[in-house]
Amino acid sequence: MRHPVRRAVAACAAVTLLAAGCSGEDDPPPIRIGLLTALSGTQQAPGSDIRQGFLLYLETHDNVLGGREVELVTADEGENAQSSTPAAERLVERDDVDVLAGTISSGASGGVAAVATREKIPFVGANGRPKIEDTTWVWHTSFLTEDFGASLGRYMAEEIDGPVYVMGQDFVGAYEGMRGFLRAFRESGGVLANPSGEPTLTPMATVDYRTYLDGIPATGAKAVYGWYVAKQGVDFLKQYPTSAAASLPLYGSGATEGTKALPAIGAAALGVRSAFHYAPNLDNPANRAFVAAWDAKYPGVVPSGLAVSAYDAGAVLDRAIAAAGPDAGPAEINKAIGELGKIDSPRGEWEFGPRTHTPVQKWYLREVRRDGRSLSNAVIQDLVTLGS
């Protein structure tokens, strides 16, 4: 159970604070936010996008959300629910946060969602997650993980003249993404080139993917769809151009060639296509403002979709806290999130779906291209609007 509310003490608590000082007696109490992200392990690099995107929103809004100063406590989510659950419990019980936010791993998000639901505290996630039954206290500004694949499945079935070889990492996020792809792909008449009729799963410990890639041309495949993230994604993409499959068009999940990974992949990523809900070259006022603020804070670093989702988590809380009122607690803030309506975002306008509490949003087809000296995912065309 949560500790009793400690508003008087909280304003000067010895935790990770962004607030400049203690609030006056007539000021609304500060809002305490627990931000979980990967501070270590295999997801540390993309996890930094979550932290940077959320912090950017706070910094560009004077560390105030909804008229209340923010006290931010950051915790390491670890690799899965076994590590994220106790981390979330400490934030709620020891640090008495009003809101939970963040998470990079779809597996870790499940543990945080369970804590939020049990303790009746809103959780505003910033990356993909699987479907869950009870979303009362759970919101995600990103997507359902299966949307990664579903957004591209129909396109590839219609555009690729022949069977497609599908492969990915042997972990829960890839299962979700490939399941979404297969459903949309098969419903649109697509045929797999995989001899088994199912995607090829590569162990997480795989270092050399050429053993798998070199056998693909013999299947008659006309294109490849790969679902890889983090270091595995870098290794997969760097090896693809030197494999026997190099002549086949390569499509990714959007996470496969994520912005954080592009400098490490280098020219091997050029021409790879993917589906995602964001690209830095989207031409709208919110994105222009976001990119300018990002460039000022992180010069020479291309902003990612993860950073945008975390930035939008800040925007959601900003509006919801303001709507809930100066003395609102978790229940009032959670109710206000459900009543927000349209969110003006760098990715384009979106709103929470009433069933999944994930965005109803447009997905884009992107291609890795050179942007000056850097590599960037550039939007080629709109794909589909997903969400419910």
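Computed from a predicted structure; not experimentally measured.

**Student:** Outline the overall build of the protein, supporting the account with residue identities and numerical values.
**Tutor:** The helix and strand tally for the protein stands at 12 helices and 14 strands. Taken over the C-alpha trace, the protein has a radius of gyration of 21 Å; the compact-globule value for 388 residues is 21 Å, and the two agree within 12%. The 388 residues of the protein split such that 58% are buried. If you take every contact in the protein between residues at least 6 apart in sequence, the share linking residues at least 24 apart comes to 69%. Working note: accessible area of the protein is about 15,200 Å², and carbon and sulfur atoms make up 52% of it. Averaging the locations of the 34 positively and 45 negatively charged side chains of the protein gives two centres separated by 3 Å.

**Student:** Give a detailed account of the pairing of strand E11 (residues 273-276), specifying residues and quantitative values.
**Tutor:** In terms of strand pairing, strand E10 (residues 250-252) meets E11 through two bridges, oriented parallel. In the strand pairing of E11, tyrosine 251 is matched with arginine 273. For E11 and strand E13 (residues 359-371), the ladder comprises four bridges, and the chain directions are antiparallel. Looking across to E13, one finds that alanine 275 is bridged to leucine 365.

**Student:** Tell me what's going on with the pattern of salt bridges, and back it up with residues and numbers.
**Tutor:** Evaluation of the coordinates by the stated rule reveals 19 salt bridges. Close ionic contact of glutamate 71 with arginine 32 constitutes a salt bridge, the shortest N to O distance being 2.6 Å. Taken together, the positions of glutamate 71 in strand E3 (residues 68-76) and arginine 32 in strand E1 (residues 31-37) put the pair 39 residues apart, joining distant regions of the chain. Since its relative accessible area comes to 1%, glutamate 71 is described here as buried. Here glutamate 367 and arginine 273 are joined by a salt bridge, their closest N and O atoms 2.9 Å apart. On the criterion of sequence distance, the pair formed by glutamate 367 in strand E13 and arginine 273 in strand E11 is long-range, its members being 94 residues apart. Take glutamate 367: its relative accessible area is 15%, and that puts it in the buried class. It is possible to trace a salt-bridge network through shared partners that takes in Glu89, Arg118 and Glu119.

**Student:** An account of the packing of aromatic side chains is requested, with residue identities and associated values reported.
**Tutor:** Taken as a whole and assessed by the stated rule, the structure comprises 22 aromatic pairs. With a centroid separation of 5.7 Å and 90 degrees between ring planes, the pair formed by tyrosine 209 and phenylalanine 236 is classed as edge-to-face. One end of the pair, tyrosine 209, is in the loop between strand E8 (200-202) and helix H7 (210-213); the other, phenylalanine 236, is in helix H8 (residues 230-239), and 27 residues separate them in sequence. Taking the relative accessible area as the measure of exposure, tyrosine 209 reaches 0% and is therefore buried. Residue classification places phenylalanine 236 among the buried residues on the basis of a relative accessible area of 0%. When the centroid spacing of 6.4 Å and the interplanar angle of 75 degrees are considered together, the rings of phenylalanine 276 and tryptophan 363 count as edge-to-face. Residue phenylalanine 276 is located in strand E11, and its partner tryptophan 363 is located in strand E13; the two are separated by 87 residues in the primary sequence. Side by side, phenylalanine 276 and tryptophan 363 carry an identical accessibility label, which is buried. Ring pairing ties together the aromatic residues Tyr57, Tyr278, Phe290, Trp294, Tyr298 and Tyr311, which thus form one cluster.

**Student:** So what's going on with the nonpolar core? Residues and values would help.
**Tutor:** Grouped together as the largest cluster of nonpolar side chains are 48 residues, with contacts concentrated most on Ile33, Phe54, Phe290, Leu317 and Ile337. At the level of elements, E1, helix H2 (44-60), E3, strand E4 (99-102), helix H10 (285-297), helix H11 (305-324) and helix H12 (330-337) are the ones that each hand at least two residues to this core. With 11 residues, the single largest contributor to this core is H11. Filtering out sequence-adjacent residues up to four positions away, phenylalanine 54 remains in contact with Ile33, Leu35, Leu72, Ala101, Ala310, Tyr311, Ala313, Gly314 and Leu317. One finds Ala150, Leu152, Ala157 and Trp363 within the second-largest nonpolar core, a separate group that totals 26 residues.

**Student:** Got a sec to walk through the pairing of E13? Specific residues and values, please.
**Tutor:** In the case of a regular strand, side chains alternate between the two sheet surfaces. As paired elements, strand E12 (residues 351-352) and E13 share two bridges and run antiparallel to each other. Bridge assignment links phenylalanine 352 to a residue of E13, and that residue is proline 359. From the end of E12 to the start of E13, which pair antiparallel, there are six residues, and histidine 357 there has a positive phi angle of about 60 degrees. When E13 meets strand E14 (residues 374-386), the two strands line up antiparallel, connected through 11 bridges. Each residue of the ladder has a partner; that of aspartate 371, found in E14, is serine 374. Where E13 hands over to E14, the hairpin turn is made up of two residues, of which glycine 372 adopts a positive phi near 70 degrees.

**Student:** Residue-level account of the sheet that holds E3, with values.
**Tutor:** Strand order across the open sheet formed by six strands is E2-E3-E1-E4-E5-E6, with mixed pairing between neighbours. The sheet is open, and its two edges are formed by strand E2 (64-65) and strand E6 (138-140), each paired on a single side. Summarising the sheet, strand E5 (residues 123-125) and E6 pair through three bridges and their orientation is parallel. Across the sheet, phenylalanine 123 pairs through a bridge with valine 138, a residue of E6.

Calculation criteria
- Residues numbered from 1 in each chain as written.
- Predicted model: local features only at pLDDT ≥ 70, side-chain atom pairs only at ≥ 80, totals over all residues.
- Heavy atoms only, no water.
- Helix = DSSP H or I, 4+ residues; strand = E, 2+ residues; numbered from the N terminus.
- Rg over C-alpha atoms; globule rule 2.2 N^0.38 Å.
- Buried < 20%, exposed > 50% of the residue type's maximum accessible area, 1.4 Å probe, protein only.
- Contact = heavy atoms within 4.5 Å.
- Areas by Shrake-Rupley, 256 points an atom, 1.4 Å probe, with all protein chains shown as cover.
- Lys, Arg positive; Asp, Glu negative; His and termini not counted.
- Charge placed at Lys NZ, Arg CZ, Asp CG, Glu CD.
- Pairing = 2+ DSSP bridges.
- Salt bridge = Lys/Arg side-chain N within 4 Å of Asp/Glu carboxyl O.
- Phe/Tyr/Trp six-rings, centres within 6.5 Å; stacked < 30°, edge-to-face > 60°.
- Core = buried A, V, L, I, M, F, W, Y, C linked by side-chain atoms within 4.5 Å.

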